[in-house]
Amino acid sequence: MKLTFRWYGEKDSIPLRYVSQIPNISGVVTAVYDVPVGGVWTDEQLEKLQRQCAEHKLNMEVIESIPVHEDIKMGKGKRDEYIDNYCKNIEVVARHGVRCICYNFMPVFDWLRTDMYHKNEDGSTSLSYSYDDFVKVDPNNLHLPGWDESYSPAELQGLLKAYRKISHEQLFENLVYFLKRVIPVCDKMGVSMAIHPDDPPWDVFGLPRIVSCEKDLDAMFAAVPSENNGLTLCTGSFGASKKNDLVKMAAKYTKQGRVHFAHLRNVLWTDDHDSFCETGHCSKHGSLDMSAIVCALVENGFDGYVRPDHGRNIFGEDGKPGYGLYDRALGAAYINGLFEAAEKCIKKS
Ligand code: DNO
């Protein structure tokens, strides 16, 4: 595995000189943040990012994300133009050493939580999702933590309305349409697409979601068979649903050569509905068996990129929720330990 760490560019409160001190780190996962969704990234922007990373002996082989324009997801008029731009972006990042692109196909909302500062007993805070709080949210008057600033209320209502006409089947067709155009470019450039699962993995506000479980992934891989049509195995996203068996999924999709990137984090299911809280990375603290997941990756020959995903805010840090330094660095150390143990045990046997 190649250990990486997400870096939000120059605006990130965590400098690259700190990232480079994480044991066994190989590179950063980053993106161009100042081009609107659907726009084209430039060689200069990529060169600059690559140079900044190289100054700290970090590579830049993973982009998270090149976002997909809503017109592509909705199959609207300008989608071909936006797909052309997407293909240009694949080419430009590939020219600068990128080998893996993480993206998602969730309508309107990417990840969704009801609390960004859930207080844990030990005084740390983490992201959480409470079913009881979620059902109280009025979709006509949305105020969601972390999302209020992303769209104006009118834009949001417009989007929600437009999606009412789009079924799961239609959204899936639009995904396949997109992949049939971009995957050949990836094949040519030697880059993999790694779709990020729905987070959480179920429909929200009546919006269809189509990357939530094995059945969804099987359909997607069958429709576009190239191995460059792959997956970001985000344990915390899939793992928020009790129906997903992460150990089985890790084994199955690694064996198929589909897992190009893994986001490793743990979640604790907190009730019989779908509530969950993000915890420290160790198996003991959450509902997922992180060690068994890593074993499944290693046993099946995983050699992709890994990053510690969302950490809590600990040690008094007031970091971007999910993306502080300390708990993600502890997560990285834990992940290193799990991989070393699994790799050595497997070699011995
Ligand atoms: C949340 C992240 C996601 C992810 C996108 C990829 O912290 O895991 O926002 O970057 O879904 O497109």
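The structure this text deals with has already been given above.
Residues numbered from 1 in each chain as written. Predicted model: local features only at pLDDT ≥ 70, side-chain atom pairs only at ≥ 80, totals over all residues. Heavy atoms only, no water.

Caption draft 1: Broad picture of the environment of tyrosine 82. Assignment of secondary structure puts tyrosine 82 in helix H4 (residues 79-95). Each C-alpha atom of the pair tyrosine 82 and phenylalanine 178 lies 9.9 Å from the other, and the pair is 96 residues apart in sequence. When sequence neighbours within four positions are dropped, the list of residues in contact with tyrosine 82 reads Gly38, His69, Asp71 and Ile72. (Helix = DSSP H or I, 4+ residues; strand = E, 2+ residues; numbered from the N terminus. Contact = heavy atoms within 4.5 Å.)

Caption draft 2: View of unusual backbone geometry. Following glutamate 64, the chain continues to serine 65 via a peptide bond in cis, the omega torsion being -5 degrees. Secondary-structure assignment places serine 65 in the loop between strand S3 (59-64) and helix H3 (70-74). In this structure, proline 200 follows aspartate 199 across a cis peptide bond, with omega equal to -5 degrees. Relative to the assigned elements, proline 200 resides in the loop between strand S7 (192-196) and helix H8 (214-223). With a phi angle near 70 degrees, asparagine 24 is a residue other than glycine that sits in the positive phi range. Note on placement: asparagine 24 falls in the loop between helix H1 (16-19) and strand S2 (25-30).

Caption draft 3: Expanded view of the site of the ligand. Near the ligand you find 14 residues, and of these Glu64, Ser65, Asp110, His310 and Tyr323 are the closest. In this structure, serine 65 approaches the ligand through a side-chain N or O atom, which is 2.5 Å from an oxygen atom. Taking tyrosine 323, its side chain carries an N or O atom lying 2.6 Å from an oxygen atom of the ligand. Contact with the protein chains removes 96% of the 330 Å² of surface that the ligand exposes when unbound. Top element by residues in the shell around the ligand is strand S4 (residues 100-104). It accounts for three residues. For the shell around the ligand, the residue count by class is five nonpolar, five polar and four charged. (Near = heavy atom within 4 Å. Polar contact = N/O pair within 3.5 Å; in protein donor to acceptor, adjacent residues only side chain to side chain. Areas by Shrake-Rupley, 256 points an atom, 1.4 Å probe, with all protein chains shown as cover. Nonpolar A, V, L, I, M, F, W, Y, C, P; charged D, E, K, R; others polar.)

Geometric values such as these leave the question of function open.
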